[in-house]
Amino acid sequence: MTGDPVYRKATFAAGCFWDVEAAFHNIDGVLETVAGYTGGSVPEPTYEQVAAGTTGHAEAVGIVFDPTVISYEALLDAFWEMHNPTQDGGQGDYTGPQYRSVIFYHDEEQRVAASGSRDRLAAEKRYGDRSIRTEILPATTFWPAEECHQQFYAKCGQSYCTSRQIWE
């Protein structure tokens, strides 16, 4: 027996955590996804506090992954594909600092990989002349969001955009 498996953490913010959580949840090798708040100054923030845009938190997704199945670099690739990292002040219809694009690194290896990934995309001009606005910051305390926000799409059976159109 080789011992217990070594799983790793990753944390990404790329707009509404419902969208980000759903995108990462279905990637092979991702074992757990948790919607939450990080990067701010208020302990144990609530959704309402973060939504007001005054706590400094980003809506983020904490991930536990198996590096023998998926690499951190592959998670970075997925992160870049799931949102527009050149948009400042939010993502799509979601505006405010809580929806900003951030990679929260958990160690020096992740910081180097995140910076290298961002710099490679910029050099390739993947987004034309638009600059990448994604912040790369050290991971701080991650506060899980309220239960109603966890695996939201799985609970409601459809995406938020579709639900909103039905109810409006």
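Here, the structure is the one placed above.
What you see is a predicted model; the values in this text were computed from it and never measured. (Residues numbered from 1 in each chain as written. Predicted model: local features only at pLDDT ≥ 70, side-chain atom pairs only at ≥ 80, totals over all residues. Heavy atoms only, no water.)

Looking at this structure, I do not really get the overall build of the protein chain. What am I missing?
Looking only at helices and strands, the protein chain features six helices and eight strands. Counting from the amino terminus, the protein chain carries its helices and strands in the arrangement β-α-β-α-β-α-β-β-β-α-β-β-α-α. Taking the principal axes of its C-alpha atoms as reference, the protein chain extends roughly 50 × 45 × 30 Å. Counting all 168 residues of the protein chain, 43% fall into the buried class. Look at the contacts in the protein chain between residues 6 or more apart in sequence, and 76% of them connect residues 24 or more apart. Only carbon and sulfur atoms are counted for the fraction: they give 52% of the accessible area of the protein chain, which is about 8,900 Å². Across the protein chain, 12 positive and 24 negative side-chain charges occur, with their mean positions spaced 7 Å apart. (Helix = DSSP H or I, 4+ residues; strand = E, 2+ residues; numbered from the N terminus. Buried < 20%, exposed > 50% of the residue type's maximum accessible area, 1.4 Å probe, protein only. Contact = heavy atoms within 4.5 Å. Areas by Shrake-Rupley, 256 points an atom, 1.4 Å probe, with all protein chains shown as cover. Lys, Arg positive; Asp, Glu negative; His and termini not counted. Charge placed at Lys NZ, Arg CZ, Asp CG, Glu CD.)

Could you clarify how one ought to interpret the packing of aromatic side chains in this entry?
Here the distance between the centres and the angle between the planes together describe a pair of aromatic rings. Per the counting criterion, the structure on display carries eight aromatic pairs. Taking 5.0 Å as the distance between ring centres and 65° as the angle between the ring planes, the aromatic pair formed by Phe 79 and Trp 80 counts as edge-to-face. Pair check on accessibility: Phe 79 and Trp 80 agree, each one buried. Put simply, the rings of Phe 12, Phe 24, Phe 65, Tyr 72, Phe 79 and Trp 80 pair up and form one aromatic cluster. (Phe/Tyr/Trp six-rings, centres within 6.5 Å; stacked < 30°, edge-to-face > 60°.)

In this structure, what is going on with the pattern of salt bridges? I would like to understand it.
Pairs can form between side chains of opposite charge whenever their charged atoms are close. Going through the model one piece at a time under the given rule, you end up with 10 salt bridges. A salt bridge links Arg 126 to Glu 81; the nearest nitrogen and oxygen atoms lie 3.1 Å apart. Within this pair, whereas Arg 126 is found in the loop between helix 4 (108-123) and strand 7 (135-138), its partner Glu 81 is found in helix 3 (residues 72-81), the two being separated by 45 residues in sequence. For Arg 126, a relative accessible area of 40% puts it in the partly exposed group. Judged by its relative accessible area of 59%, Glu 81 is exposed. Glu 124 is the salt-bridge partner of Arg 120, the closest N and O atoms lying 3.7 Å from each other. Since its relative accessible area comes to 45%, Glu 124 is described here as partly exposed. Three or more residues are tied together by salt bridges with common partners; here these are Asp 77, Glu 81, Arg 120, Glu 124 and Arg 126. (Salt bridge = Lys/Arg side-chain N within 4 Å of Asp/Glu carboxyl O.)

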